[in-house]
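# Observations on the model geometry
Now for the letters of each chain:
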Amino acid sequence: GAVVSQHPSRVICKSGTSVKIECRSLDFQATTMFWYRQFPKQSLMLMATSNEGSKATYEQGVEKDKFLINHASLTLSTLTVTSAHPEDSSFYICSARAVTSGGALNEQFFGPGTRLTVL
Amino acid sequence: KQEVTQIPAALSVPEGENLVLNCSFTDSAIYNLQWFRQDPGKGLTSLLLIQSSQREQTSGRLNASLDKSSGRSTLYIAASQPGDSATYLCAVRWMDSSYKLIFGSGTRLLVRP
């Protein structure tokens, strides 16, 4: 089946530092990846759509300069939380839309998530 | 505005009960609807995906139905087990959404032994 990995699974950082989270599609290509944020006991909120080779599309209210997205290849998207603050502490989940037969075409496959804690 | 709502927010049942989780959505022009399971601190596990042309999908003890005209979907879990305890999320992809999924707030299910 289609597998999406995220690295790291957990990260703790000091306020003011930047943190990079990777999202990889392991056995299929994905021109589009999505980044979600989930606060405790709440649902997933879409932050941005990451498009391979072009700029990401951000949802309303999400600061593009704070959450930098790079989709440099068909299997990798990165989310960098810049100048992190305690309110950025959350569970970040990515998904990848399959465009090759390694996954069901156009279905989204989700990564296991990254727990970010900003002290 | 396209929104997804799930009720109840939380549910506690004794083992063996059959139960129904509800999902409603605004705007009936959906592409598909998907049910996920999320265990605490974990990612999402896809349970069932229903295309807009379908009325229901079944997998083992799970059955999901879709009524586009009324903007509703239900997830039926038969003979519930303690291992079914998790949060169940409903997500909708609309026709004009460029593959984006909009999630409901989830139902936290506890199946008591």
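One can find the structure itself at the top, above this paragraph.
Residues numbered from 1 in each chain as written. Chains lettered and ligands numbered in written order. Predicted model: local features only at pLDDT ≥ 70, side-chain atom pairs only at ≥ 80, totals over all residues. Heavy atoms only, no water.

The number of helices and strands found in chain A is 0 helices and 11 strands. Element order for chain A, N to C, with α for helix and β for strand: β-β-β-β-β-β-β-β-β-β-β. Against the globule reference of 14 Å for 119 residues, chain A gives a C-alpha radius of gyration of 14 Å, in line with a compact fold. Taken over the C-alpha atoms alone, chain A extends approximately 40 × 25 × 20 Å along its principal axes. Within chain A, the proportion of its 119 residues that are buried is 50%. Partitioning the contacts of chain A with sequence separation of at least 6, the portion at a separation of at least 24 is 56%. Accessible surface for chain A amounts to roughly 5,700 Å². Of this, 52% is attributable to carbon and sulfur atoms. (Helix = DSSP H or I, 4+ residues; strand = E, 2+ residues; numbered from the N terminus. Rg over C-alpha atoms; globule rule 2.2 N^0.38 Å. Buried < 20%, exposed > 50% of the residue type's maximum accessible area, 1.4 Å probe, protein only. Contact = heavy atoms within 4.5 Å. Areas by Shrake-Rupley, 256 points an atom, 1.4 Å probe, with all protein chains shown as cover.)

On to the packing of aromatic side chains. Overall, the coordinates contain 7 aromatic pairs over all chains when judged by the stated rule. Both rings, one in Tyr36(A) and one in Phe103(B), keep their centres 5.5 Å apart while their planes meet at 85 degrees; by these two values the pair is edge-to-face. With Tyr36(A) in strand 4 (residues 32–38) and Phe103(B) in strand 10 (residues 102–103), this residue pair bridges two chains. You'll find Tyr36(A) and Phe103(B) in the same group, each marked buried. With a centroid separation of 5.9 Å and 85 degrees between ring planes, the pair formed by Phe110(A) and Phe103(B) is classed as edge-to-face. You can see Phe110(A) sitting in strand 10 (residues 108–110) and its partner Phe103(B) sitting in strand 10, one on each of two chains. With respect to class, Phe110(A) is no different from Phe103(B); both count as buried. Members of the aromatic cluster, each reached through a chain of ring pairs, are Tyr36(A), Phe110(A), Phe36(B) and Phe103(B). The cationic tip of Lys66(A) hangs over the ring face of Phe67(A); the distance from NZ or CZ to the ring centre is 6.0 Å. (Phe/Tyr/Trp six-rings, centres within 6.5 Å; stacked < 30°, edge-to-face > 60°. Lys NZ or Arg CZ within 6 Å of the ring centre and 35° of its normal.)

The next subject is the sheet that holds strand 6 (residues 56–59) of chain B. Residue and element names in this part refer to chain B. Across the sheet, which stays open at both edges, the 5 strands sit in the order 1-3-8-7-6 with antiparallel pairing between neighbours. Whereas interior strands pair on both sides, the edge strands pair on one side only; in this sheet they are strand 1 (4–7) and strand 6. Averaged over all pairs of adjacent strands, the angle between their axes in this sheet comes to 15 degrees, without regard to strand direction. As paired strands, strand 3 (residues 19–25) and strand 8 (residues 72–77) are joined by 6 bridges and run antiparallel to one another. Across the sheet, valine 20 pairs through a bridge with tyrosine 76, a residue of strand 8. (Pairing = 2+ DSSP bridges. Axes fitted to C-alpha atoms, helices over the stretch in contact; angles between N-to-C directions.)

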